[in-house]
Structures are given as C-alpha cells and as structure tokens.
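Residues per chain are reported as follows:
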Amino acid sequence: LPVGGPGLERLHAVELSMIMIDSVSEPWKMVVAVLPGIASDLEAPLSSHDFTFGAVFGFVRQMSRTSQLGTGVVYMSNFGEPIPVPFLYVDWQVTPRLSTNGILPTNMAVAYRVNRNLDLGLALQIDGTRYHGNPAKYDAANPLLKYSEGTVSPSVRVHLSPWLHVNVEGGYAFYRRFEFFDGGHKAFSFDLKHKEYFRTGLVIGM
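What counts, and at which threshold
Residues numbered from 1 in each chain as written. Predicted model: local features only at pLDDT ≥ 70, side-chain atom pairs only at ≥ 80, totals over all residues. Heavy atoms only, no water. Pairing = 2+ DSSP bridges. Helix = DSSP H or I, 4+ residues; strand = E, 2+ residues; numbered from the N terminus. Salt bridge = Lys/Arg side-chain N within 4 Å of Asp/Glu carboxyl O. Buried < 20%, exposed > 50% of the residue type's maximum accessible area, 1.4 Å probe, protein only. Core = buried A, V, L, I, M, F, W, Y, C linked by side-chain atoms within 4.5 Å. Phe/Tyr/Trp six-rings, centres within 6.5 Å; stacked < 30°, edge-to-face > 60°.

### Thoughts on the pairing of strand β6 (residues 83-93)
So, step 1. Bridging between strand β5 (residues 67-76) and β6 involves 10 bridges; their strand directions are antiparallel. Bridging across to β6, V73 finds its partner in P86.
So, step 2. Pairing between β6 and strand β7 (residues 98-104): six bridges, direction antiparallel. If you follow Y89 over to β7, its bridge partner there is I103.
So, step 3. The turn linking β6 back onto β7 is made up of four residues.

### A closer look at the pattern of salt bridges
So, step 1. Within this structure, the stated rule accounts for six salt bridges.
So, step 2. Put simply, R113 and D119 hold a salt bridge, and the shortest N to O gap is 2.3 Å.
So, step 3. On the basis of relative accessible area, R113 is assigned to the partly exposed category, the value being 33%.
So, step 4. A salt bridge links R199 to E169, with the shortest nitrogen-to-oxygen separation between them at 2.9 Å. One end of the pair, R199, is in strand β13 (residues 195-204); the other, E169, is in strand β11 (residues 164-182), with 30 residues separating them in the sequence.

### Structural notes on the nonpolar core
So, step 1. Within the largest apolar cluster, nine residues are counted, these being A39, Y131, Y138, L145, Y147, F178, F180, F190 and L192.
So, step 2. Counting residues per element, the ones that place at least two in this core are β10 (143-161) and β11.

### Some details on the packing of aromatic side chains
So, step 1. Scanning the entire structure with this criterion turns up six aromatic pairs.
So, step 2. Residues F178 and F190 carry aromatic rings whose centres are separated by 5.6 Å and whose planes lie at 45° to one another, so their mutual orientation is tilted. On the criterion of sequence distance, the pair formed by F178 in strand β11 and F190 in strand β12 (residues 185-191) is long-range, its members being 12 residues apart. Across the pair, F190 and F178 agree in class, each one buried.
So, step 3. Through a chain of ring-to-ring contacts, the aromatic side chains of Y138, Y147, F178, F180, F188 and F190 assemble into a single cluster.

Below, the structure is given as structure tokens:
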C-alpha cells in the first residue's frame, strides 16, 4: 500500500446466497435472489455498516433445448458502490462437452467437460465489495473501503459428487482498485499493480 494509506491488515467477507426459480409459463422462469452478508475488519463490535446486501430479479426464457437467455436487474457492489445494474444472462450448451454461461456485465465463462469428474474452464470476471473498518483504528466516523477487481482465469473443477465440487483457479488480475471513504466523503483512491493470482474454492450444490 502507498505511504499515507489506510494501514490495512486483514479484511473478512461472508455472503449467503438464497435463490428461488419459479416457472411463470412454458418457456419463462422468474428468478429472485437475495445475498445478505458481512464485510468488515471485525476489529470492533458489529454495526449496521458491517452488513452488506445484494439482490437479483429477472426472467429467463428457454430459447431452445440447449440454450437460455434472460434479463433483469441486480443490486450489487461488484464495482465498489452498491448500485442497481441491468444484466443479461446467457446459458448455452454448445456441444455435449462444451458450454458457456455468464451474467453480463460481471462475468462470462466457457467450460469443457473432459469426463464426468473433471471440467476445464476459462472465465472473465469483475468482482468487488465494500468493507467497513473500525472507526477508532482509522480515525473516521464511518470508514469504508471499496475494492473492485477484474480477472481473467483458466480453471479446473473436480466433481467429487453431484453436490460437492472443488475449484482450482489461477489467472491474471488486470484491474485492481481501492477507494477509501469516510461515510460519503472519498479520502483517496489508488490502482494496484496488475498481478497473477491463485485461488481455490469448495462448492456445495448442483
């Protein structure tokens, strides 16, 4: 971090995704999702500023046996400031082994099924969130750190069972930006060096 920066040491984020899909008519489905969470340095008692919230509302149409197309509005903090953003959902089974899906403008991925237990993929993603800090540590009434990043990454997904999967991902972060606020007042912002990264994840679900 640059000299005079906020002196960040560790930040934490936990998010719960709850999704409901309901058939409206033969080709149409309605999608509703809520994503409550906590994003904080956890160095002070929790307050309302430590909690985050995201939501999705849209409709998806079955275009053919192998493709779906949808649109709607998502309320998210992927770009730092929580804002409502229109989205386009794409899900296309190009061949029995090759598929592509994504929610533009935040992510798009291509996956190739090597066998029943292994997928290879390539993804482009924009992500981010807003963290709340300890007011005493940062000498601010409402310290907020807004972080956003853009990545491109090849990946491997191992299917241990139909409900349990392991992701291994390595790639390049071509965009990384920090913004530090005291409430609604921006104290400073800076771009970080573009960087290679490695990430693993455990996924429970279909």
